[in-house]
Amino acid sequence: MRKLARSLSLAVALIFFSATSFCADAGPLTISVPAGFEGPTHEDVNGGVTVAWIERQPAYGGATLLQVSAIDVGSTLDGITQAQRLEGATRYLLQFLRGVAESLSSFQFGEFEHISLAGLPAARVRWTATTTTGRPTIGVIYCVLVGHTVVSLQTRDTGTEFTPAMYSAMTAIEGVHVH
């Protein structure tokens, strides 16, 4: 029985990981974009760059977003400690969260979590809201300070539960590395 379970686990893993993904540079990070995500769109605004991909969800006419935004803040991050990097990531994450909330209603967010992205201290928060058309939406935003750059990474989708595409996007975000 144990051998059968191991074989089944291996078969499922091979199917799951056989889908093609590709690596993309987004600011100072490289991300492995999951299979099924289209793009990227690329936008340079106010000294920052935003790169995004979507996976269309034909069943409900929506799409899952995977987005990375990077802003070079110059030498203001020089010489700060790891603890200060975590504090800064948390502070900037709150600013990014406020930006997301502006275009939504009934916006609520959970506890800030401290994690590691690309071996650096980072912060993450999950949120729920309602779109202007009344559809529930859910997301998670991460923030990490890389060198002189503040990086925000996020995924979101329509609904009240994380979708498989969101889990793929979160796995990609949590697997980023500095290039």
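As a reminder, the structure under discussion sits directly above these lines.
Small disclaimer: the values here were computed from a predicted structure and weren't measured. (Residues numbered from 1 in each chain as written. Predicted model: local features only at pLDDT ≥ 70, side-chain atom pairs only at ≥ 80, totals over all residues. Heavy atoms only, no water.)

Caption draft 1: Representation of the nonpolar core. Ile31, Trp53, Leu66, Leu117, Val144, Val151 and Leu153 are the most contacted members of the largest nonpolar core, which totals 30 residues. Taken together, the elements giving at least two residues each to this core come down to β1 (22-26), β2 (29-33), β4 (48-57), β5 (62-72), β8 (120-130), β9 (136-146), β10 (149-158) and α3 (164-174). When residues of this core are assigned to their parent elements, the largest contribution, six residues, is made by α3. Once you skip the residues sitting within four places of it in the chain, Ile31 turns out to touch Phe22, Cys23, Ala24, Trp53, Leu66, Val68, Ala172, Ile173 and Val176. Among the nonpolar cores identified, the runner-up in size contains 16 residues, and Tyr92, Leu104, Val125 and Val150 belong to it. (Core = buried A, V, L, I, M, F, W, Y, C linked by side-chain atoms within 4.5 Å. Buried < 20%, exposed > 50% of the residue type's maximum accessible area, 1.4 Å probe, protein only. Helix = DSSP H or I, 4+ residues; strand = E, 2+ residues; numbered from the N terminus. Contact = heavy atoms within 4.5 Å.)

Caption draft 2: Geometry of the pairing of β8. Among the eleven residues that make up β8, eight are buried, leaving the element largely enclosed by the rest of the structure. Where strand β6 (residues 105-109) and β8 come together, three bridges link them in antiparallel fashion. From the neighbouring strand, Ser105 faces β8, where its bridge partner is Thr130. Note: strand β7 (residues 113-117) against β8, five bridges, orientation antiparallel. What sits directly across from Ile115, in β8, is Ala122. A loop of two residues connects β7 with β8, the two strands running antiparallel in sequence, and Ala118 in this loop sits at a positive phi of about 55 degrees. (Pairing = 2+ DSSP bridges.)

Caption draft 3: Quick peek at the sheet that holds β1. Pairing within the open sheet is antiparallel, and its three strands lie in the order β1-β2-β11. Because the sheet does not close on itself, it has two edges, and the strands there are β1 and β11 (177-178). Summarising the sheet, β2 and β11 pair through two bridges and their orientation is antiparallel. Bridging from a neighbouring strand, Thr30 pairs with His177 of β11.

Caption draft 4: View of the environment of Ile71. Along the polypeptide, Ile71 turns up in strand β5. With 23 residues separating them along the chain, Ile71 and Gly48 place their C-alpha atoms 4.2 Å apart. Apart from the residues within four sequence positions on either side, Ile71 is in contact with Gly47, Gly48, Phe96, His148, Thr149 and Val150.

Caption draft 5: Seen up close, α3. Buried residues of α3: Ala165, Met166, Ala169, Met170, Ala172 and Ile173, and no others. Viewed end-on, α3 has its buried residues packed into an arc of 160 degrees, placing them on one side of the element. What points out from α3, more than 90 degrees from its buried face, is the exposed set Pro164 and Thr171. (Arc of directions from axis to C-beta.)

Caption draft 6: Inspection of the pattern of salt bridges at higher detail. The full count for this structure, using the stated rule, is four salt bridges. With a shortest N-O distance of 3.0 Å, Arg124 and Glu113 are connected by a salt bridge. With Arg124 in strand β8 and Glu113 in strand β7, the pair connects residues that are eleven residues apart, well separated along the chain. A salt bridge links Arg126 to Glu113, with the shortest nitrogen-to-oxygen separation between them at 3.6 Å. Of this pair, Arg126 sits in strand β8 while Glu113 sits in strand β7, placing them 13 residues apart in sequence. Relative accessible area serves as the criterion here: at 28%, Glu113 is assigned to the partly exposed category. (Salt bridge = Lys/Arg side-chain N within 4 Å of Asp/Glu carboxyl O.)

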